Amino acid sequence: IILGGFNMLPALPLDGGRTLRGAVWAITGSLERATRTAFRISRVVAFGMIAVGIMLAIEFGDAVGGVWLALIGVFVLQAAAAELQASTAVSRTDARQVGDVMHPFAASVTPETPIRDLATAIAHAAPGTAYPVIADDQVVGLFVCDVVHALPPDRQAVARVSDLMIGRHDLTFVEPTTPLNTARTAIAHDHWGRALVVDGGILVGMVGLSDLTGRPLAI
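All values derive from a computational prediction rather than experimental measurement. (Residues numbered from 1 in each chain as written. Predicted model: local features only at pLDDT ≥ 70, side-chain atom pairs only at ≥ 80, totals over all residues. Heavy atoms only, no water.)

Draft legend 1. Structural detail: the sheet that holds strand E2 (residues 138–144). Spatial strand order, E1-E2-E3: 3 strands in an open sheet with antiparallel pairing. The open sheet has two free edges, formed respectively by strand E1 (130–135) and strand E3 (166–167), since each of these has just one partner strand. (Pairing = 2+ DSSP bridges. Helix = DSSP H or I, 4+ residues; strand = E, 2+ residues; numbered from the N terminus.)

Draft legend 2. Structural context of the pattern of salt bridges. Taken as a whole, this structure holds 2 salt bridges when the rule is applied. In this structure, the salt-bridge partner of Glu-83 is Arg-18, at a minimum N-O distance of 2.6 Å. Of this pair, Glu-83 sits in helix H4 (residues 63–95) while Arg-18 is found in helix H2 (residues 15–28), placing the two residues 65 residues apart along the sequence. Glu-83 sits in the buried class, given a relative accessible area of 15%. Arg-21 is the partner of Glu-83 in a salt bridge, and the nearest nitrogen-oxygen pair spans 3.2 Å. Of this pair, Glu-83 sits in helix H4 while Arg-21 sits in helix H2, and the two are 62 residues apart along the sequence. Note on accessibility: Glu-83 and Arg-21 belong to one class, buried. Here the salt bridges share partners, and the residues they tie into one network are Arg-18, Arg-21 and Glu-83. (Salt bridge = Lys/Arg side-chain N within 4 Å of Asp/Glu carboxyl O. Buried < 20%, exposed > 50% of the residue type's maximum accessible area, 1.4 Å probe, protein only.)

Draft legend 3. Seen up close, a nonpolar patch on the surface. A grouping of Val-64, Val-67, Trp-68 and Leu-71 is seen on the molecular surface, where their side chains present a nonpolar patch of about 440 Å² in accessible area. Secondary-structure assignment places Val-67 in helix H4. Residue classification places Val-67 among the partly exposed positions, given a relative accessible area of 45%. (Patch = residues over 30% accessible without salt bridge, like charges linked within 9 Å, V, L, I, M, F, W, Y side chains within 5 Å. Areas by Shrake-Rupley, 256 points an atom, 1.4 Å probe, with all protein chains shown as cover.)

Draft legend 4. The arrangement of unusual backbone geometry in detail. Following Leu-12, the chain continues to Pro-13 via a peptide bond in cis, the omega torsion being 5°. Within the secondary structure layout, Pro-13 lies in the loop between helix H1 (2–7) and H2.

Draft legend 5. Structural context of the nonpolar core. In this structure, Val-109, Ile-115, Ile-122, Phe-143 and Val-161 are the most contacted members of the largest nonpolar core, which totals 13 residues. Every element with two or more residues in this core is listed here: E1 and helix H8 (161–164). Non-local contacts of Ile-122, meaning those with residues more than four positions away in its chain, are made with Ile-115, Phe-143, Cys-145, Val-148 and His-149. Of all hydrophobic cores here, the second largest spans 11 residues; its members include Leu-142, Ile-166, Leu-196 and Leu-203. (Core = buried A, V, L, I, M, F, W, Y, C linked by side-chain atoms within 4.5 Å. Contact = heavy atoms within 4.5 Å.)

Draft legend 6. Seen up close, the side chain of Thr-113. Mapped onto the elements of the fold, Thr-113 is located in the loop between helix H5 (98–101) and helix H6 (119–123). A distance of 3.0 Å separates the side chain of Thr-113 from the side chain of Thr-110, its partner in a polar contact. When neighbours within four sequence positions are excluded, Thr-113 is seen to be in contact with Leu-118, Arg-160 and Val-161. (Polar contact = N/O pair within 3.5 Å; in protein donor to acceptor, adjacent residues only side chain to side chain.)

Draft legend 7. Inspection of the environment of Ala-183 at higher detail. Following the sequence through the fold, Ala-183 ends up in helix H9 (residues 180–188). Judged by relative accessible area, Ala-183 falls into the buried class, the value being 1%. Measuring from C-alpha to C-alpha, the distance between Ala-183 and Arg-194 comes to 9.4 Å, with 11 residues separating the pair along the chain. Setting aside its immediate chain neighbours within four residues, Ala-183 contacts Val-98 and Thr-178.

Draft legend 8. Inspection of H9 at higher detail. All of the buried residues in H9 are Leu-180, Ala-183 and Ile-187. Taken end-on, H9 shows its buried residues confined to a sector of 60°, consistent with a single buried face. (Arc of directions from axis to C-beta.)

Draft legend 9. Representation of the sheet that holds strand E5 (residues 194–199) in the model. The strand order E4-E5-E6 describes an open sheet built from 3 strands, whose pairing is mixed. The open sheet has two edge strands, strand E4 (173–174) and strand E6 (202–208), and neither has a second partner. Across 2 bridges, E4 lies against E5 in parallel orientation. Counterpart to Val-174 in the pairing with E5 is Val-197.

Okay, here's the thing in structure tokens:
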């Protein structure tokens with residue numbers, strides 16, 4: 001009962017603090033504002049714990065209990081600050097769009113392009129390098145260079161892009177104005193971990209989960 005009651009104190013990262021933040025979020029519609037409100041209250045609770053801990057140690061001679069309570073207060077203060085920092089980072093991400101991080105593609109291939117014509121490019125390509133497959137000015141698929149390495153040499157000599165490409169129906173498409181969080185959800189469900197960016201039906205680039213984590217996407 002004591003542990004459950006402590007856990008429901010209105011201080012992050014305790015469940016009580018998360019409940020408080022959820023309630024404020026529901027009222028204001030802003031996660032960052034809700035987290036800041038919860039952080040302010042968490043700070044009051046944390047300083048209260050520290051003060052009571054010091055009082056227990058000095059006034060009542062309970063050094064062990066007082067020190068432990070003060071340390072818990074310090075932990076709550078630090079954890080609440082970390083929650084606020086994380087929320088602020090998420091809010092900044094919310095304001096960004098796919099167009100801010102996408103990679104304009106430098107080259108494309110057609111379904112009929114022989115794999116042997118791409119041998120040099122594939123040999124020097126970084127892991128994960130991919131080419132959009134274009135036919136009649138429309139995106140019909142995506143060719144990931146890595147799949148070629150699984151083919152025996154004699155098969156590589158006669159295969160075409162259409163034999164190895166990912167079909168359009170298996171691809172994920174987003175627009176340059178798509179919020180990053182929305183794109184992250186879409187790409188997370190994509191088997192290849194990337195999406196093609198189209199603007200008015202025209203392919204303008206690619207974006208992958210790696211772009212949302214700061215690691216470059218090879219295209």
